[in-house]
Amino acid sequence: MFILNANKLEELTAYLYQKNWLAPEEEVVEISVPGDGNMNCVLRIRTSNRSFIIKQSRDYVEKYPQIAAPEKRVLTEGAFYSKIATVKEIQSVMPSILGIDAENNLIALEDLGPSNDYTILYDLEQKMTDLELEQLVHYLNNLHHSFEKTVVDEELMNTEMRRLNYEHIFEYPFRIDNGFDLDTVQKGLQDLAIPYKKDTILKRKVEQLGTLYLSKGKYLLHGDYYPGSWLNTTKGMKLIDPEFCFYGLREFDLGVFLAHLYITEQGEAAISFVKENYSHLDQLNKNILDGFIGTEIIRRLIGLAQLPLKMDIQTKSSLLVFARDLILKQ
Ligand SMILES: Nc1ncnc2c1ncn2[C@@H]1O[C@H](COP(=O)(O)OP(=O)(O)OP(=O)(O)O)[C@@H](O)[C@H]1O
Ligand SMILES: [Mg+2]
């Protein structure tokens with residue numbers, strides 16, 4: 001097994017030659033980390049004449065090695081990139097796939113160059129432009145409608161990653177004894193969360209939404225459509241990290257997207273803009289969409305996958321009430 005290691009330039013060079021991912025004469029000049037990530041090992045490889053990205057998944061979370069994770073997840077990501085390569089409008093805003101090594105759970109990707117992701121939005125100091133919102137919704141329109149299936153099948157099931165996400169979105173945040181002291185995130189958050197963990201009506205509805213998340217669907221989803229997957233590059237907005245992709249309900253991608261517009265306080269105009277520009281809003285189930293929005297908001301506030309969110313406790317309290325109403329109102 002080849003283990004990617006930023007400090008072992010010679011080993012990496014030998015590996016890349018062996019895979020024929022380097023031309024004869026081409027040399028690795030520098031290995032660096034292109035940006036923040038938690039789950040996988042992601043490196044930028046600069047050679048004498050170009051650069052590219054390699055991403056390896058392991059059977060644990062890169063930043064927290066004590067936490068297990070599906071070992072082959074990057075291969076699903078690779079399969080997603082291979083699939084979307086056939087549609088120009090989608091490929092043009094995602095890195096192209098340069099190679100897949102199924103044996104070593106590793107993919108090579110086009111380098112999108114220096115970039116910032118949009119997690120800066122959690123500072124609550126920036127509003128997205130209409131152009132940015134338009135590009136984000138345009139991507140979902142293209143993705144959801146380019147790969148629609150007439151018959152649901154087993155393609156890109158991504159079962160283990162979906163199970164992991166299911167646990168973190170629909171179960172863990174609502175468990176009283178999950179062992180996570182929310183006061184370590186922000187004083188007062190633990191007390192704020194307790195009523196939601198004890199709310200049997202809410203929990204029943206969230207469980208139903210979780211079942212929908214786990215069910216098969218006709219539409220190819222990005223699966224993790226939030227500011228951490230959106231890159232601001234010198235060539236415009238790009239989308240990355242489809243490791244949670246699957247064929248499912250469109251309401252999930254759109255719901256997560258809208259949830260983060262609420263969390264980052266983009267305002268009702270931004271929400272309306274996205275809904276108006278999403279191609280087939282009338283085909284969606286509004287209750288399911290609102291349910292996914294509400295659940296994503298709650299899990300980001302009281303679940304384990306915390307965001308660098310600069311929000312006072314009173315505002316979080318109001319946002320939680322709002323999210324609960326979204327889930328329960330019929
Ligand atoms: N193709 C690319 N071109 C340029 N930079 C990239 C590319 N892919 C990833 N990056 C940079 O590396 C960072 C981590 O990549 P990515 O999000 O794919 O890793 P991850 O381990 O899945 O992260 P997470 O834990 O957030 O899921 C990105 O935020 C981005 O800054
Ligand atoms: Mg990821």
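Model, not experiment: these values are computed from the prediction. (Residues numbered from 1 in each chain as written. Chains lettered and ligands numbered in written order. Predicted model: local features only at pLDDT ≥ 70, side-chain atom pairs only at ≥ 80, totals over all residues. Heavy atoms only, no water.)

Remarks on the overall build of the protein
Thinking step 1. Looking only at helices and strands, the protein has 11 helices and 10 strands in total.
Thinking step 2. Computed over the C-alpha atoms, the radius of gyration of the protein is 20 Å, within 12% of the 20 Å expected from 2.2 N^0.38 for a compact globule of 330 residues.
Thinking step 3. Of all 330 residues assigned to the protein, the portion counted as buried reaches 52%.
Thinking step 4. For the protein, the proportion of contacts with a sequence separation of at least 24, taken over those separated by at least 6, is 69%.
Thinking step 5. Separation of charge centres in the protein, based on 36 positive and 48 negative side chains, amounts to 4 Å. (Helix = DSSP H or I, 4+ residues; strand = E, 2+ residues; numbered from the N terminus. Rg over C-alpha atoms; globule rule 2.2 N^0.38 Å. Buried < 20%, exposed > 50% of the residue type's maximum accessible area, 1.4 Å probe, protein only. Contact = heavy atoms within 4.5 Å. Lys, Arg positive; Asp, Glu negative; His and termini not counted. Charge placed at Lys NZ, Arg CZ, Asp CG, Glu CD.)

A word on the sheet that holds strand β9 (residues 236-239)
Thinking step 1. Here we have three strands laid out as an open sheet, ordered β6-β8-β9, and antiparallel in their pairing. The open sheet has two edge strands with one neighbour each: β6 (115-117) and β9. Within the sheet, the average angular offset between the axes of one strand and its neighbour, ignoring direction, is 30°.
Thinking step 2. Strand direction decides the pairing type here: strand β8 (residues 230-233) and β9, joined by four bridges, are antiparallel. Considered in β9, the bridge of asparagine 232 is made with methionine 237. (Pairing = 2+ DSSP bridges. Axes fitted to C-alpha atoms, helices over the stretch in contact; angles between N-to-C directions.)

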